[in-house]
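# An overview of the molecular structure
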Amino acid sequence: MDTIVAAKAAARAAIQQFKKFRYLEAISGLSLKWETRMILRGVIGGVGWMVAILWVFGFGPGLFVDAAESTGESAGTRPNVVLILGDDQAWTDYSFMGHSIIRTPNLDRLASQSRLFTRGYVPTSLCRPSLATIITGLYLHQHGITGNDPALPDPKVNAMIGRRNPKYARFYETLMHRIETDPTLPRLLAERGYISFQSGKWWEGNFSRGGFTAGMTHGDPMRGGRHGDEGLKIGREGLEPVFDFIRQAKSEAKPFFLWYAPLLPHAPHNPPQRILERYLKLVPSPAVARYYAMCEWFDETCGQLLQFIETEGLASNTVIAFVSDNGWIQDPNMPDHHFMPRSKRSPYEGGVRTPIMIAWPGKIAARRDENTLVSSIDIAPTILQLCGAPVPANLPGVNLLDDQALAKRTSIFGEIYDHDVADVDHPTKSLLYRWIIQGDWKLIVPVDPNKPTELYNLLQDPHEQHPVADPSRTDQLRQELDAWWDGQAE
Ligand SMILES: [Ca+2]
């Protein structure tokens, strides 16, 4: 499919050259002999066709990834971008990822139309820092938002009350201000004329602080602002605010960026009864049934969003990207939403692995990739290039559509912190683990010297049940991890 897309692009380029030449003739008043004209047109057009032929025979990988897929710039296009963010859903919990009970027909369809990476990761398994990474394209130690909340000095005081204490306002402000100084997708896309809308999860105060031109989250702590407030209604109470924004962008003929981060399947696990009933019959644990139903509910809202884009006639000019901010494995023996130790907030696969996909009908060839390691740090540079926006030099990710760049990168990395940030001025002091995956191997390095460093072969042991003793491989991976970032607080 890539070859056909690229060959078509080359053919289109050749036709454009013909047209350009005719235009030049017209505006310059050149009156060339018929024979001269045909020779020149033949030379110009022939170059395009030659490139197309070379591509077909495999001489051009990477060439048109930039020209036709990655930048969008060459065609002068500015596609709309819809970023769908799951919240607390493990990598296994979609039917397209092989789950035998959970139904996700809408995301399955999107997966079949996408460049899908089943070995996707987020560097960290906690909401706020993971979302900050997705919107900035930076690692946690770069953007400085490492936990969900600043630590409260008195754990006995109710957290919501404690957070409103003016004494601690500086702590919140220090963390939140970072999103104003870091690059963000909406801010960078605004330079290309995009309008943007925040819906759902958003931890960084008012939506405008992240560079969104519109949104749902007011972020006022005196009115319950913490991780999305009004925005958290999206999906659970319909999608009308998102639909209104899309209608507005369409009527103003402006390209748009949509942040769709509903609190789904995140707790509270209170799915509609009509969905829950099916799962209660299939699994013995009511808590697991509720979580499974939440996954289907999330999928249902994604279907409503994608259907709206289709109905509005925007599908062919809209990029859809998907990632979950972190995983979740429901404890079957708890009455309510409680996660198992090796899921959310942990460095294990149940916390950090997620499918990552990107779709653009007719522009990005659908392909299921079960080998290549990718990370949520790659989403920002991919979107920026697709929209023809400049990619800041300090972004560590690569374009998900650039096969050569992906092949060159052999390792991906992550860092796990405590839920609360102990010292907002030195946020990396709350570091708990760093991890590296290289090929099939994963090394987890704890900060606590009393905890073991763990090595796993993910191909043979995808759920990390059997640590491997291999000192030389451990040393080699440890060196590469340290070369990436040594974990020392700044
Ligand atoms: Ca989350």
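Residues numbered from 1 in each chain as written. Predicted model: local features only at pLDDT ≥ 70, side-chain atom pairs only at ≥ 80, totals over all residues.

### Focus: the overall build of the protein
Put simply, the rule reads: Helical segments are the DSSP runs of H or I of at least four residues, strand segments are the runs of E of at least two, and each set is numbered from the N terminus. Once C-beta atoms are placed from the backbone, each residue is buried if 20 or more other C-beta atoms lie within 10 Å of its own, exposed if 12 or fewer, and partly exposed for counts between those two. Here the contact rule is simple: place C-beta atoms from the backbone, and any two residues whose C-beta atoms are within 7 Å are in contact.
The number of helices and strands found in the protein is 16 helices and 15 strands. For the protein, with 490 residues in total, the buried portion stands at 45%. In the protein, of all internal contacts separated by at least 6 residues, the share reaching a separation of at least 24 is 68%.

### Some points on the nonpolar core
Note the threshold: Linking buried Ala, Val, Leu, Ile, Met, Phe, Trp, Tyr and Cys residues through C-beta atoms within 7 Å yields a set, and such a set is a nonpolar core.
Core analysis: the largest hydrophobic core is formed by 108 residues, its most contacted members being Leu-258, Tyr-260, Ala-321 and Ile-383. Take this core: its biggest share by element is 12 residues, from helix 12 (residues 286–311). The contact partners of Tyr-260, leaving out residues within four places of it in the chain, are Val-82, Leu-83, Ile-84, Leu-85, Ser-199, Gly-200, Val-242 and Leu-305.

### A few points about the pairing of strand 13 (residues 431–438)
Basically, it comes down to this: Strands qualify as paired when DSSP identifies two bridges or more between them.
The buried fraction of strand 13 amounts to six of the eight residues, a majority that puts the element mostly inside the structure. Direction of pairing for strand 11 (residues 411–417) relative to strand 13: antiparallel, over a ladder of seven bridges. Considered in strand 13, the bridge of Tyr-417 is made with Leu-431. In this sheet, strand 14 (residues 441–446) lies alongside strand 13 in antiparallel orientation, the contact comprising six bridges. Of the residues in strand 14, the one forming a bridge with Tyr-433 is Pro-446. Between strand 13 and strand 14, which follow one another and run antiparallel, lie two residues, and Gly-439 among them has a positive phi close to 60 degrees.

### Notes on the sheet that holds strand 13
Counted only if it meets this: Structural elements are reduced to axes, namely lines fitted to C-alpha atoms, with helices fitted over the stretch in contact, and the angle between N-to-C directions of any two is expressed from 0 to 180 degrees.
Read across the sheet, four strands follow the order 11-13-14-15 without closing on themselves; strand pairing throughout is antiparallel. At either margin of the open sheet sits one strand with a lone partner, and together these are strand 11 and strand 15 (454–457). Pairwise comparison of adjacent strand axes, ignoring direction, gives a mean angle of 15 degrees for this sheet. The strands that helix 16 (residues 471–484) touches are strand 11, strand 13, strand 14 and strand 15; relative to strand 14, the one it contacts most, it runs at about 65 degrees.

### Overview of the environment of Phe-245
You can see Phe-245 is positioned in helix 10 (residues 240–251). With 22 C-beta atoms packed within 10 Å, Phe-245 lands in the buried category. The spatial distance from the C-alpha of Phe-245 to the C-alpha of Gly-215 is 9.0 Å, given a sequence separation of 30 residues. With near-sequence residues (within four places) excluded, Phe-245 lies in contact with Phe-197, Ala-214 and Leu-258.

### Quick notes on the packing of helix 11 (residues 273–282) against helix 12
Short version of the rule: Should an angle fall under 35 degrees it is called roughly parallel, over 145 degrees roughly antiparallel, and 65 to 115 degrees roughly perpendicular, with every other angle called oblique. Throughout, a crossing is termed right-handed when the near helix is turned clockwise from the far one, and left-handed when it is turned anticlockwise from it by less than a right angle. The residue classification treats Ala, Val, Leu, Ile, Met, Phe, Trp, Tyr, Cys and Pro as nonpolar and Asp, Glu, Lys and Arg as charged. All others, Gly included, are polar.
Put simply, helix 11 and helix 12 touch, their axes get as near as 8 Å, and they point 135 degrees apart. The angle between helix 11 and helix 12 falls in the class oblique. Crossing of helix 11 against helix 12: the hand is right-handed. Listed contacts from helix 12 to Ile-275, Leu-276, Tyr-279 and Leu-280 of helix 11 are Pro-286, Ala-289, Arg-290, Tyr-292, Ala-293, Glu-296 and Trp-297. Here the residues of the contact of helix 11 with helix 12 are counted per class, giving nine nonpolar, no polar and two charged.

### Considering the confidence of the model for the protein
For the record, the criterion: pLDDT is a residue-level measure of predictor confidence that goes from 0 to 100.
Summary statistics for the protein give a mean pLDDT of 88 and a share of 84% for residues scoring 70 or more. Every residue in residues 1–6 is under pLDDT 50, and counting partners more than four places away or in other chains gives 11 contacts. Counted against residues more than four places away or in other chains, residues 8–45, with its pLDDT under 50, gives 23 contacts.

### Some thoughts on unusual backbone geometry
Here the residue pair Leu-264 and Pro-265 is connected by a cis peptide bond, since its omega of -5 degrees sits within 30 degrees of zero. For Pro-265, the location among the structural elements is in the loop between strand 6 (256–261) and helix 11. Here the residue pair Ala-267 and Pro-268 is connected by a cis peptide bond, since its omega of 5 degrees sits within 30 degrees of zero. Among the structural elements, Pro-268 can be located in the loop between strand 6 and helix 11. Within the chain, Asp-88 stands out as a residue other than glycine whose phi angle is a positive 65 degrees. Inspection of the secondary structure puts Asp-88 in the loop between strand 1 (80–86) and helix 4 (105–112). Phi at Glu-464 is positive, roughly 55 degrees, even though this residue is not glycine. Along the chain, Glu-464 falls in the loop between strand 15 and helix 16. Using a count of 19 C-beta atoms within 10 Å as the deciding quantity, one classes Glu-464 as partly exposed.

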